[in-house]
Amino acid sequence: MMEKGLFHDLYDRLRVVNFRSYSPDKLSGYLHGYLTVYTMVRIYPWLESDFGVAYDIHERAKEIARWYEVLVQKKDLPADSRAGYAADLMDVYQLYSDVDFLGKGVDAAYEILTPWGSEKLVLPCRTPNICRLLCNCYYFTGDVECGELAGKLITEALGYTRGNHRNDLLGWWDAICLYDDVIGLMELPFEEQERLGEERSRLSVRVRQVEDDMIEQFVRMGEVSSVDVGQVFYILAKREFVAYNKEYEKKE
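First, a word on what this report is: a plain description of the structure on this page. For clarity, every value in this text was computed on a predicted model and none was experimentally measured.

1. Details of the overall build of the protein chain
Link 1 in the chain: Looking only at helices and strands, the protein chain features eleven helices and zero strands.
Link 2 in the chain: Going from N to C terminus, the protein chain has its helices and strands arranged as α-α-α-α-α-α-α-α-α-α-α.
Link 3 in the chain: In terms of its C-alpha atoms, the protein chain occupies a principal-axis envelope of roughly 50 × 40 × 40 Å.
Link 4 in the chain: Residues counted as buried form 50% of the 252 residues belonging to the protein chain.

Shown next as structure tokens:
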């Protein structure tokens, strides 16, 4: 109940925020939080009384997406940042079917992955954003090589997240979940499926701990620079969605 109240309070506070004043690299959490809320309201229309009509939530998310639409075309941006913006645009398309978002995301993706007109895919870095980009390219274009490269990155990530040095655990967790959704472990040999399934179960416990720590820090300190509020918003939105799904299943 504490998390539900916290989420609704944060959601209300965000109604008056001008995201144009925020650094673009801090907006992905807010975007995915709104995408999650939009999905909730589409599935459970009576939640409009709590979160507003689906159209307004849709427009709020598009405020961020429109900014990314411009940023993905900037070839001088670091590859990791640009990959994140492109992957986010493709995530938005999955809900809104906005062809402009998808087209600009895919175009930027292949500029990032095939520098200087190369015919072979090249990984400019091995980050969660690049992995999400590969997954989305596989999903939207059917590019098998993108799926294979994403699988290799996931295998590597599940190996080196064993150490406590992994700074972007939540980013990798999002990439792993996306990989499962759009490609799936069935693309791997059975033994590898079992091993990665076990690794993912182990990792989910750590992810929950990190998320709980972030929420606790937010409650303790509020909206300050040391807390990624967008990420907290996204975490709480996902948990709210899970809670509604469980509640609905009980009623059936």
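2. Quick word on the layout of surface pockets
Link 1 in the chain: Taken as a whole, the second largest pocket encloses approximately 200 Å³ of empty space.
Link 2 in the chain: Every residue lining the second largest pocket is listed: Lys-75, Leu-77, Ala-79, Arg-82, Glu-111, Ile-112, Thr-114, Pro-115, Trp-116, Gly-117 and Pro-124.
Link 3 in the chain: Of all elements in the fold, only helix 5 (79–96) and helix 6 (99–113) reach the threshold of two or more residues within the lining of the second largest pocket.
Link 4 in the chain: Looking at the lining of the second largest pocket residue by residue, the classes come out as six nonpolar, two polar and three charged.

3. Brief notes about helix 10 (residues 190–221)
An α-helix turns once per 3.6 residues; consequently, residues spaced three or four apart project the same way.
Link 1 in the chain: The end-to-end C-alpha separation of helix 10 is 46 Å, in line with the 46 Å expected for 32 residues at 1.5 Å each.
Link 2 in the chain: All of the buried residues along helix 10 are Gln-193, Leu-196, Glu-199, Leu-203, Arg-206, Val-207, Glu-211, Met-214, Ile-215 and Phe-218.

4. Here's the deal with the environment of Gly-184
Link 1 in the chain: In this structure, Gly-184 sits in the loop between helix 9 (169–182) and helix 10.
Link 2 in the chain: Take Gly-184: its relative accessible area is 10%, and that puts it in the buried class.
Link 3 in the chain: On a C-alpha basis, the gap between Gly-184 and Val-232 in space is 27 Å, while along the polypeptide they are 48 residues apart.

5. Let's talk about the nonpolar core
Link 1 in the chain: Of all hydrophobic cores here, the largest spans 85 residues; its most connected members are Tyr-30, Val-37, Phe-51 and Leu-133.
Link 2 in the chain: Ranked by residue count, the leading element in this core is helix 9, at ten residues.

6. A closer look at the packing of helix 2 (residues 28–43) against helix 4 (residues 54–71)
Link 1 in the chain: The interhelical angle for the contact between helix 2 and helix 4, taken along N-to-C directions, is 155 degrees, at an axis separation of 9 Å. Considering their axes alone, helix 2 and helix 4 lie roughly antiparallel with respect to each other. Crossing hand, helix 2 versus helix 4: left-handed. In this structure, helix 2 uses Ser-28, Tyr-30, Leu-31, Tyr-34, Leu-35, Val-37, Tyr-38, Val-41 and Arg-42 to contact helix 4, whose residues at the interface are Ala-54, Ile-57, His-58, Arg-60, Ala-61, Ile-64 and Tyr-68.
Link 2 in the chain: When its residues are assigned to classes, the contact of helix 2 with helix 4 shows twelve nonpolar, two polar and two charged.

Cut-offs applied
Residues numbered from 1 in each chain as written. Predicted model: local features only at pLDDT ≥ 70, side-chain atom pairs only at ≥ 80, totals over all residues. Heavy atoms only, no water. Helix = DSSP H or I, 4+ residues; strand = E, 2+ residues; numbered from the N terminus. Buried < 20%, exposed > 50% of the residue type's maximum accessible area, 1.4 Å probe, protein only. 1 Å grid on protein atoms, 1.4 Å probe; cavity = no way out; pocket = protein on both sides within 12 Å on 5 of 7 lines; lining within 4 Å. Points joined across faces, edges and corners; volume = space filled by probe spheres on them. Nonpolar A, V, L, I, M, F, W, Y, C, P; charged D, E, K, R; others polar. Expected span 1.5 Å × (residues − 1). Core = buried A, V, L, I, M, F, W, Y, C linked by side-chain atoms within 4.5 Å. Axes fitted to C-alpha atoms, helices over the stretch in contact; angles between N-to-C directions. Parallel < 35°, antiparallel > 145°, perpendicular 65-115°, else oblique. Left-handed = near helix turned anticlockwise from the far one by under 90°. Contact = heavy atoms within 4.5 Å.

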